[in-house]
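The primary structure of each chain is shown beneath.
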Amino acid sequence: QVQLVESGGGLVQAGGSLRLSCAPSGRTFSTYAMGWFRQAPGKEREFVASIRWASGRTSYTESMKDRFTISRDNAKNTVYLQMNSLKSEDTAVYYCAASTYSTTAYNSWGQGTQVTVSS
């Protein structure tokens, strides 16, 4: 199974922005959709956003859709998560995932990248 690698996390002040990137490490594979999830300390993993690779159609958790944007670069085989107006509540480990068949079930996952938003 291909390994996904996230990058772009770090420490940012509240109100700031970050852009996360996710790309396969190794051989390319057929992708139906890619998504971003996050897990805050003591919380369960939650869905953030997804994008269908071919069409570019996106889906977001309602509470995040005004601040977060998912996008893709076909040439680089990379998916991004642009995060604006960050809040302390956004502090979490962010995971990239890929699916060969669905936008709601994923079969490849990255190792996660830490996003910390300071108050």
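Above this note sits the structure.
Source: prediction; values computed, not measured.

## With respect to the overall build of the protein
Point 1. Across its full length, the protein holds zero helices and 11 strands.
Point 2. Relative to its length of 119 residues, the protein is compact, with a C-alpha radius of gyration of 13 Å against a globular reference of 14 Å.
Point 3. With the C-alpha coordinates aligned to their principal axes, the bounding extent of the protein is approximately 40 × 25 × 25 Å.
Point 4. Taking all 119 residues of the protein together, the buried fraction comes to 42%.
Point 5. Across the protein, contacts joining residues at least 24 apart in sequence account for 53% of those joining residues at least 6 apart.
Point 6. In the structure as shown, the protein presents an accessible area of about 6300 Å², 44% of it carried by carbon and sulfur atoms.
Point 7. Averaging the positions of the 12 positive and the 8 negative side-chain charges in the protein gives two centres separated by 7 Å.

## Describing the state of the cysteines
Point 1. Scanning the entire structure with this criterion turns up one disulfide.
Point 2. Linked covalently through their sulfurs, Cys 22 and Cys 96 form a disulfide whose S-S length is 2.0 Å. Judged by the sign of its S-S torsion, about -80°, the bond between Cys 22 and Cys 96 is left-handed. Here Cys 96 lies in strand 9 (residues 92-99) and Cys 22 lies in strand 3 (residues 18-25), a separation of 74 residues in the sequence.
Point 3. Cys 22 sits in the buried class, given a relative accessible area of 1%.
Point 4. A relative accessible area of 0% means that Cys 96 is categorised as buried.

Rules and cut-offs
- Residues numbered from 1 in each chain as written.
- Predicted model: local features only at pLDDT ≥ 70, side-chain atom pairs only at ≥ 80, totals over all residues.
- Heavy atoms only, no water.
- Helix = DSSP H or I, 4+ residues; strand = E, 2+ residues; numbered from the N terminus.
- Rg over C-alpha atoms; globule rule 2.2 N^0.38 Å.
- Buried < 20%, exposed > 50% of the residue type's maximum accessible area, 1.4 Å probe, protein only.
- Contact = heavy atoms within 4.5 Å.
- Areas by Shrake-Rupley, 256 points an atom, 1.4 Å probe, with all protein chains shown as cover.
- Lys, Arg positive; Asp, Glu negative; His and termini not counted.
- Charge placed at Lys NZ, Arg CZ, Asp CG, Glu CD.
- Disulfide = S-S within 2.5 Å.

In short, the description is geometric, and any link to function would need to be established separately.
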